[in-house]
Amino acid sequence: MSKIYGVGDQEVRALDDLSLTVNRGDYLAVMGASGSGKSTAMNIIGCLDRPSGGSYRLNGTPVEQLDDDQLADLRNRELGFVFQQFHLLPNLTALDNVVLPMVYAGIPTAERSERARHALERVGLAARLHNRPNQLSGGQQQRVAIARAIINQPALLLADEPTGALDSHTTAEVLDIFDDLHRQGMTVVMVTHEDDVAARADRVVHFCDGHIAD
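What this report covers is the structure whose coordinates are included nearby. (Residues numbered from 1 in each chain as written. Predicted model: local features only at pLDDT ≥ 70, side-chain atom pairs only at ≥ 80, totals over all residues. Heavy atoms only, no water.)

In terms of regular secondary structure, the protein is built from seven helices and ten strands. Taking 2.2 N^0.38 as the reference for a compact globule, 214 residues should give roughly 17 Å; the C-alpha atoms of the protein span a radius of gyration of 18 Å, in line with that estimate. Once the C-alpha set of the protein is aligned to its principal axes, its extents read approximately 55 × 40 × 30 Å. Within the protein, the proportion of its 214 residues that are buried is 48%. Taking the contacts inside the protein whose residues are at least 6 apart along the sequence as the reference set, 71% of them involve residues at least 24 apart. (Helix = DSSP H or I, 4+ residues; strand = E, 2+ residues; numbered from the N terminus. Rg over C-alpha atoms; globule rule 2.2 N^0.38 Å. Buried < 20%, exposed > 50% of the residue type's maximum accessible area, 1.4 Å probe, protein only. Contact = heavy atoms within 4.5 Å.)

This is how it looks when you write it as structure tokens:
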């Protein structure tokens, strides 16, 4: 696929005939300098943008053919997102932050709390269900964000610099969670600029000038 911004002399090819396959069960790390195209690729993989040319298929669905409402539905059903910043709602408890995606997915009310509790237990926060973000450490907030990302059992978990705001000890704890999720069958694609973080993945690709470097 390709992604082009601007026209004529101002044209920038953020992605230049990029070909990338992520198979079910993969754990892939994406690395590259600023401007290499990795963020553009992640936006397309995450259904936040469409390619200018070519095709992207997520579980067989041709994403470039979908309208905005269909893209939003696909994101909610098939994708989980973890970012460097945690993006938790400050006035909600950990439990309520994790419940939120299930509201948008139309999960029955009776199921939401039980599933959210299980997800928070899965990331080691069984004792922090009713704490708000300002009562949690950075690592604990990222664990809540991970629980929220996996609550709808996504086909693909996308992590964009998920340890960028964490110290080394907390980074190791968070990466252990990604390792566990992968062992349990989850497909993970993670953008990072840290070699030791990328080393946790099964496969590493390096972006350069809009394509994958040899």
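After presenting the structure, the write-up continues.
Buried together is how nonpolar side chains tend to be arranged in soluble globular proteins. Within the largest apolar cluster, 40 residues are counted, with the highest numbers of intra-cluster contacts made by Val-98, Leu-120, Val-144, Ile-146, Leu-157 and Phe-178. Among the secondary structure elements, those contributing two or more residues to this core are β3 (27-32), α3 (94-105), α4 (109-122), α5 (138-150), β7 (156-160), α6 (168-183), β8 (187-191) and α7 (195-198). Sorting elements by how many residues they give to this core places α5 first, with six residues. Apart from residues no more than four positions distant in its own chain, Val-144 is found in contact with Leu-88, Ala-94, Asn-97, Val-98, Leu-120, Leu-125 and Leu-136. (Core = buried A, V, L, I, M, F, W, Y, C linked by side-chain atoms within 4.5 Å.)

This paragraph deals with the environment of Pro-51. Along the chain, Pro-51 falls in the loop between α1 (38-45) and β4 (57-58). Apart from residues lying up to four places away in sequence, Pro-51 is in contact with Met-1, Ser-2, Lys-3, Ile-44 and Glu-64.

In space, the six strands of this open sheet follow the order β6-β7-β8-β3-β9-β10, with mixed pairing throughout. Bordering the open sheet on either side are β6 (79-83) and β10 (211-212), each of which pairs with just one other strand. Sheet topology note: the strand β9 (residues 203-208)/β10 ladder contains two bridges and is antiparallel. Among the inter-strand pairings, Phe-207 is bridged to a residue of β10, identified as Ile-212. Contacting β3, β6, β7, β8 and β9, α1 crosses the sheet at an angle of about 150° to β7. Packed on one face of the sheet, α5 meets β6 and β7 and runs near 165° to β6. (Pairing = 2+ DSSP bridges. Axes fitted to C-alpha atoms, helices over the stretch in contact; angles between N-to-C directions.)

Here strand β1 (residues 3-5) runs beside strand β2 (residues 12-15); their pairing, made up of three bridges, is antiparallel. Across the sheet, Ile-4 pairs through a bridge with Arg-13, a residue of β2. A loop of six residues connects β1 with β2, the two strands running antiparallel in sequence, and Gly-6 in this loop sits at a positive phi of about 80°.

To continue, consider the pattern of salt bridges. Oppositely charged side chains may form a pair once their charged atoms are brought near each other. Within this structure, the stated rule accounts for eleven salt bridges. Between Arg-77 and Glu-78 there is a salt bridge; the shortest N-O distance is 3.5 Å. Using a relative accessible area of 43% as the deciding quantity, one classes Arg-77 as partly exposed. Among the residues examined, Glu-78 registers a relative accessible area of 15% and is labelled buried. A salt bridge links Asp-180 to Arg-183; the shortest N-O distance between them is 2.2 Å. (Salt bridge = Lys/Arg side-chain N within 4 Å of Asp/Glu carboxyl O.)

What follows deals with the side chain of Glu-161. Mapped onto the elements, Glu-161 comes out in the loop between β7 and α6. Here Glu-161 sits buried without a salt bridge, and the closest side chain of opposite charge, Lys-38, lies 5.6 Å off (N-O distance). Other than its neighbours up to four places away in sequence, Glu-161 contacts Phe-83, Gln-84, Val-191, Thr-192 and His-193. (Lys, Arg positive; Asp, Glu negative; His and termini not counted.)

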